[in-house]
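Report on the structure
Letter by letter, the chains look like this.
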Amino acid sequence: MRTRIRNARVFDGLKTIAHADVLIDGDLIAEPDDRPADVEIDGSGRTLLPGLIDAHTHTFDGDLAQALRFGVTTELDMFCLPGNLARQRRAAADRDDVADLRSSGVLATAPGGHPSQIMDSPGVRDLGDAAGAFDTVADAGQAKAFVEARLAEGIDYLKIVIDSGHVGGLDLPVLSPGTVAALVEAGHAAGLLTIAHTVTTRDAVVALDAGIDGLAHVVTDPLTDDLAARIAAQGVFVVSTLTYFEAVLNDPSGAELVRDERIGSKLPDRARAALDRDASVVPVRPDGVRNAVRAAGTLHRAGVALLAGTDANPWAPLHGAGMHREVLLLTEAGLSAEAALAAATSLPARHFGLADRGRIAPGLRADLLLVDGDPTTDITATRAIKEIWRRGVRQAS
Ligand SMILES: [Zn+2]
């Protein structure tokens, strides 16, 4: 099957081309030619983008399908128990109507550490085999065995939690700096990318001292220019998750997403119900949203690779839909619309080693999103979805 999108504006993941034809041949983007295609699509007045990559999710049954309906073609999961992970992987491999998935599998945290208090909270127990007990790390001596157990489960990268919950009034056990360092070392020795959950500057410094590769959130306390410069100098990427802080702090600004008909009309009822979440078990500062948006701007200006991620979970942010709020918040943090789009496409692909996606170029996977209007000047145009392809398969609209 050959599909040609004619005369579209093309954001290729890095830059914008005013008018171009893009050819899909099978599951790949092909070199344009003059031979007839099976399907011809008029792209005039529209913009073609790489499928979006959400660089921070928690994926449960049904989420990969919802993600794809909103143009998210790949989710990078940041904590998944083995039974659930096997099921999501199978769906991503076998089905064409769901987003693709990479995952950290079980994250590394201290016994009883974050997010154990969430795993023990009422709604989570309803998730069946996707919740419950999981391996933890008591001391540095257990780091290597923990990483080996995760490798046996086929994880794609290692996630390490450094968070006592104190910013949210909690007092949870936390990995010692020495244990964090041992985990990063064991992860690197196994060829894994290492990513830390931190939401404060103090904990981010522990991760940086350990030689971490990426941070799964921006910080929610005031970020200094010096720390931003250090993050840049170490080449550490940071996942934004601004919509997550909005959601857990019940910030009213985020409600515009669901009110936007372009998003709201596509949401299942279960997603609306999920917005009424009790987030009291989540460690976050009351002024976390404003600090997080400022931190994102400071990091971007310092030259840090900022990756768009929502922390989508069974409640809010919403899988798929949340990315359309995340890129808007990135522009409010000071990124240009093009930079926000790169944060949602080429940057996560590059930093997570996904060389086959995240850009529009011959030979790459045909994970594509066609929208009305021009999101390179009006970022909310990402919501005006006309067509979605996942590995070349056109999705029902
Ligand atoms: Zn998360």
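As a starting point, this report considers the structure included with it.

Thresholds, definitions, all that
- Residues numbered from 1 in each chain as written.
- Predicted model: local features only at pLDDT ≥ 70, side-chain atom pairs only at ≥ 80, totals over all residues.
- Heavy atoms only, no water.
- Helix = DSSP H or I, 4+ residues; strand = E, 2+ residues; numbered from the N terminus.
- Donors = N, O, S within 2.8 Å, 3.2 Å for Na, K, Ca; no water.
- Buried < 20%, exposed > 50% of the residue type's maximum accessible area, 1.4 Å probe, protein only.
- Pairing = 2+ DSSP bridges.
- Right-handed = clockwise from strand over helix to strand, strands pointing away.

With respect to the helices and strands, the residue glutamate 261 is situated in helix 11 (residues 261–264). In the structure, glutamate 261 is positioned 123 residues away from alanine 384 in sequence and 9.6 Å away in space, judged by C-alpha atoms.

Here we come to unusual backbone geometry. Trans peptide bonds make up the majority, and among non-glycine residues the majority have a negative phi. A cis geometry characterises the amide bond from histidine 114 onward to proline 115, with omega recorded as 5°. Along the chain, proline 115 turns up in the loop between strand 8 (100–103) and helix 3 (116–119). Looking along the chain, the bond that leaves alanine 316 and enters proline 317 is cis, with omega of 0°. As for its placement among the helices and strands, proline 317 is situated in the loop between strand 13 (306–307) and helix 14 (321–332). Despite not being glycine, aspartate 311 shows a phi value in the positive range, around 65°.

The next subject is the coordination of the zinc ion. The protein atoms that coordinate the zinc ion are His56 (NE2), His58 (NE2) and Asp311 (OD), at distances spanning 2.0 to 2.3 Å. Written as a sequence motif, the donor arrangement for the zinc ion is H-x1-H-x252-D. Of the two residues, histidine 58 sits in the loop between strand 6 (52–57) and helix 1 (63–69) while aspartate 311 sits in the loop between strand 13 and helix 14, which places them 253 residues apart along the sequence. Taking relative accessible area as the criterion, aspartate 311 reaches 4% and is therefore assigned buried.

Below, the discussion takes up the pairing of strand 7 (residues 72–77). Extensive coverage of strand 7 is indicated by the burial of 6 of its 6 residues. The pairing of strand 6 with strand 7 spans 4 bridges and is classified as parallel. Bridge pairing in strand 7 places aspartate 54 opposite glutamate 75. Following the chain from strand 6 across helix 1 to the adjacent parallel strand 7, one finds a crossover that is right-handed. Relative to strand 8, strand 7 is paired through 4 bridges, and the arrangement is parallel. Note on strand 8: the bridge partner recorded for leucine 76 is arginine 102. Handedness of the crossover joining strand 7 and strand 8 through helix 2 (residues 82–94) is recorded here as right-handed.

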